[in-house]
Every structure is written in structure tokens, then in C-alpha cells.
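# Chains, contacts and geometry: an overview
Here is what each chain is made of, one letter per residue.
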Amino acid sequence: MPLSILVFYGSYRRDRRGIRLAEFVLNGFMQRGDHAELIDAKAVGLPMLDRMYKEYEKGTAPAAMESLAADIRAADAFVFVVGEYNWGVQPGLKNLTDHFLEEWFWRPAAVASYSAGRLSGVRSALSWHGILSEMGMVVISSTLAVGPIEQVLNAQAQPLGDLGLRLDRDFVRFADDLAWWTEAAKMQRARKPPPY
């Protein structure tokens, strides 16, 4: 059965290059027959965190937050496409994720990182593994690390040269890993309710 996957992207910068990786991942899952949707933190435009979604009285959360909460609850798995800012995580994506908590629980997540340089955003990816685990997701061990991004993906999110071919190969393992954990989690949730 096709999986429902949300692909999160968090750069707020004017000349965003990481969107190429988000679109590559999105297209990759759709080509596998899954339902994949891009959640662009900049487009969603949540305010800086004041109150989490769960802290609003039912029906009073901002419309964008209410809609995203429903999308997160309905998804089978998540992919976080992350850049690196000064060895850390992007504030826009972190702000978006922090608005929710229980909505994330008991589903797998995967991390794909990028940068303009050769380190491919891996320091940010390492931080995201801990963040997402703390938020109740099971983070798979397979990752994608892309950099320098302009040498790997063109403006249309198409792979370039040998680095692009490697990304194509790496995506297969990444997607298979996420699919395995997603199917396992779905079966377990159907068999037995989560403990909390």
C-alpha cells in the first residue's frame, strides 16, 4: 500500500538552494507510488512559538496550525530536509516542529541534509536526530547528505554528474529503510495501542 509521507523543509532565506533536495526527495517518493507532500515552513508561516497547538482551546488555533496538525496526524512518516546554520539547525523548521508534540508520536522520521559546502549539513542532521527522537519519532539510521548542493542537483532538482548518480543510489536505501519502519509502525499501532 502507498505510504503517506510529509516532507518538511525549513529555510526562510531568499535564495534557497535546499529546496532542490526537498523536491528531489518528494519526487522520489512519488515515483515509488507513495503519497508525498511538501510542507514548506516559510509558506506555512507559523508565528514564533508562544503556545503549542495543544495549548489552544479546541477550534481556536490559527488556521495554518490546525490544518498542519491534521496533516501530521494523518501521515505515516516524515522526512526532514535540513540545512545547517552555524553548526546548528535552521530556526524556521525548528520553530514549526516545536508547535506540535503528540501529533508526531509513534511514527518514523528520516533526515536529509544539505549545504553549499562539502560537509553537506551533517552537523545539523546529527542535532535533528536527537530533536526528533525527543519529540516521539523513531528516526531511521539511513540518511542523505548532499553537498555542495549546486554540484549535486540542478535548479530543477535533477541529479548532476557522479555525485547525482550517487544520490540516486543512496535514495533507494533511504526510502526502503523508511518504508520498512513505516510499515512496521503501522502494523504495531493496529495490533496494540501505544503505551501513552
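Residues numbered from 1 in each chain as written. Predicted model: local features only at pLDDT ≥ 70, side-chain atom pairs only at ≥ 80, totals over all residues. Heavy atoms only, no water.

## A short note on the sheet that holds strand β2 (residues 35-40)
The test is simple: Pairing between strands is defined by DSSP: at least two bridges between them are needed. Every helix listed is a DSSP run of H or I at least four residues long, and every strand listed is a run of E at least two residues long, numbered separately from the N terminus. A fitted line through C-alpha atoms serves as each axis, taken over the contacting stretch for helices, and the angle formed by two N-to-C directions is quoted from 0 to 180°.
Read from one edge of the open sheet, five strands run β2-β1-β3-β4-β5, paired in parallel fashion. Every interior strand has two partners, whereas the edge strands, β2 and β5 (138-146), have only one. Mean inter-strand twist for the sheet, computed between neighbouring axes without regard to direction, equals 20 degrees. Of the strand pairs in this sheet, strand β1 (residues 4-9) and β2 are connected by six bridges, and their pairing is parallel. Residue pairing in the sheet places L6 in a bridge with E37 of β2.

## Topic: helix α3 (residues 63-74)
To keep it simple, the criterion reads: Helix span, as expected, comes to 1.5 Å for every residue beyond the first. A simple rule labels every residue: compare its accessible area, found with a 1.4 Å probe on the protein chains alone, to the largest value its type can have, and call it buried under 20%, exposed over 50%, or partly exposed in between. In this description, the arc belongs to the directions extending from the helix axis to the C-beta atoms. Between two residues, a contact is recorded if the distance between any of their heavy atoms is within 4.5 Å.
Between the first and last C-alpha of α3 there are 17 Å, a value that for 12 residues agrees with the 16 Å anticipated at 1.5 Å per step. Those residues of α3 that sit buried are M65, L68, A69 and I72. End-on, the buried residues of α3 take up no more than an arc of 105 degrees, which puts them together on one face. Turned more than 90 degrees away from the buried face of α3, the exposed residues are A63 and A74. Contacts from the buried residues of α3 go to β1, β2, α2 (41-44), β3 (77-82) and α4 (91-98).

## Comments concerning the packing of helix α1 (residues 19-31) against helix α7 (residues 161-191)
Our working definition: Two helices that cross are described as forming a left-handed crossing if the nearer one is turned anticlockwise from the farther one by less than a right angle, and a right-handed crossing if clockwise. In this classification, Asp, Glu, Lys and Arg are treated as charged, Ala, Val, Leu, Ile, Met, Phe, Trp, Tyr, Cys and Pro as nonpolar, and every other residue, Gly included, as polar.
Interaxial distance between α1 and α7 falls to 11 Å at its minimum, and their mutual angle equals 60 degrees. Between α1 and α7 the crossing geometry is right-handed. Two secondary-structure elements touch here, α1 through F24, V25, G28 and F29 and α7 through L167, D168, F171, F174, A175 and L178. For the contact of α1 with α7, a count of residues per class yields eight nonpolar, one polar and one charged.

## A closer look at the pairing of β3
Quick reminder of the rule: Orient the strands so they point away from the viewer, and a crossover whose first-strand-to-second-strand path over the helix runs clockwise is right-handed.
Among the six residues in β3, six count as buried, and that is most of the element. The alternating pattern of β3 places A77, V79 and V81 on one face and F78, F80 and V82 on the opposite face, and all of these are buried. Where β1 and β3 come together, five bridges link them in parallel fashion. Pairing of L6 across the sheet is with F78, part of β3. Tracing the backbone out of β3, into α4 and back to the parallel element strand β4 (residues 108-114) gives a crossover that is right-handed.

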